[in-house]
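Analysis of the macromolecular model
The lines below spell out each chain.
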Amino acid sequence: PTDGHVRNDKKGHGYFKSKRHDPDGTIREHKALDLLATPGRAVEAPISGKVRVLTVYGKKFTDKDARLKQFRGVEITGEDKYGFPTGYSVKLFYVAPNPGLYGKEVDMGDIIGHAQNRAQFTPGMKNHVHMELRSLGSRIDPSKYINPQP
């Protein structure tokens, strides 16, 4: 969906299963791939399927996080040419989706939106598209399918 380079900055690495340090001190695994993207750059669908969800990144926001509500995302559920599920789905965050995309069929490579300016709110973090890939509901490493560059 981007130029293919993985985010690596002061805020962390964008590889699948990279360690993340939360503000409360807990350490967790990053179950996604962060691919560098210049704000405004066209983002392509990484799989073919139906656009099921257009979402705001995150489920709950505190007043402190209210500024993050501007960030958007797209979820595509994989379907074959006959409309049968493939078992794959992908979520892309920090993407402003194209108008009228919800419920539409997209092909891999179709432009589905444009990268947003995520770095403006987190000094030291580079702009990127956050990509979660699932197979039968379980998160899997997207780099096994898209061959990102370091």
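Bear in mind that the values here come from a model prediction, so they are computed numbers and not experimental data. Each chain has its residues counted from 1, running along the sequence as written. At least 70 in pLDDT is required for a residue's local features to be given in this predicted model, at least 80 for side-chain atom pairs to be given and counted, and no such filter applies to totals for whole chains, interfaces and linings, which use all residues. Neither water nor hydrogens contribute to the side-chain values; these are computed over all heavy atoms in the structure.

1. Brief notes about the overall build of the protein chain
- Scanning the protein chain from terminus to terminus reveals one helix and 14 strands.
- Three exposure classes are used, based on accessible area relative to the maximum for each residue type with a 1.4 Å probe and protein chains only: buried under 20%, partly exposed in between, and exposed over 50%. Per-residue burial for the protein chain yields a buried fraction of 39% across its 150 residues.
- Should any heavy atoms of two residues lie within 4.5 Å, those residues are considered in contact. Contacts in the protein chain between residues at least 24 apart in sequence constitute 65% of all its contacts with a sequence separation of at least 6.
- Only the protein chains shown count as cover for residues, and all accessible areas are computed by the Shrake-Rupley method using a 1.4 Å probe. On the protein chain, roughly 8700 Å² of surface is accessible, and the fraction owed to carbon and sulfur atoms is 51%. The numbering of helices and of strands both runs from the N terminus, where a helix is a DSSP run of H or I of at least 4 residues and a strand a run of E of at least 2.

2. Quick look at the packing of aromatic side chains
- Only centres within 6.5 Å qualify two rings of Phe, Tyr or Trp (six-membered ring in Trp) as a pair; their planes then separate them into stacked at under 30 degrees, edge-to-face at over 60, and tilted for everything else. Taken as a whole, this structure holds one aromatic pair when the rule is applied.
- Residues Tyr88 and Tyr145 carry aromatic rings whose centres are separated by 6.2 Å and whose planes lie at 70 degrees to one another, so their mutual orientation is edge-to-face. In this pair, Tyr88 sits in strand 9 (residues 85–93) while Tyr145 sits in helix 1 (residues 143–146), placing the two residues 57 residues apart along the sequence.

3. Quick word on the side chain of Asp34
- Within the secondary structure, Asp34 sits in strand 5 (residues 33–36).
- Owing to a relative accessible area of 2%, Asp34 belongs among the buried residues under this scheme.
- Here a polar contact is taken to be a pair of N or O atoms separated by no more than 3.5 Å, where protein atoms must pair a possible hydrogen donor with a possible acceptor and residues adjacent in sequence count only if both atoms sit in side chains. A polar side-chain atom of Asp34 sits 3.0 Å from a polar atom in the side chain of His130.
- Apart from the residues within four sequence positions on either side, Asp34 is in contact with His5, Val6, Arg7, Gly14, Arg20, His128, Val129 and His130.

4. Structural notes on the pattern of salt bridges
- One speaks of a salt bridge when a side-chain nitrogen belonging to Lys or Arg is within 4 Å of a carboxyl oxygen belonging to Asp or Glu. All chains considered together, the criterion is met by nine salt bridges.
- Between Glu29 and Lys31 there is a salt bridge, with the nearest N and O atoms lying 3.9 Å from each other.
- Note on Lys31: relative accessible area 33%, which makes it partly exposed.
- One salt bridge in this structure joins Glu132 and Arg134, with 3.4 Å as the shortest N-O distance.
- Classification of Glu132 by relative accessible area gives buried; the value is 7%.
- Overlapping salt bridges, with partners in common, bring together Arg7, Asp9, Arg20 and Asp34 in one network.

Fair warning: the whole summary comes from geometry, so function is off the table for now.
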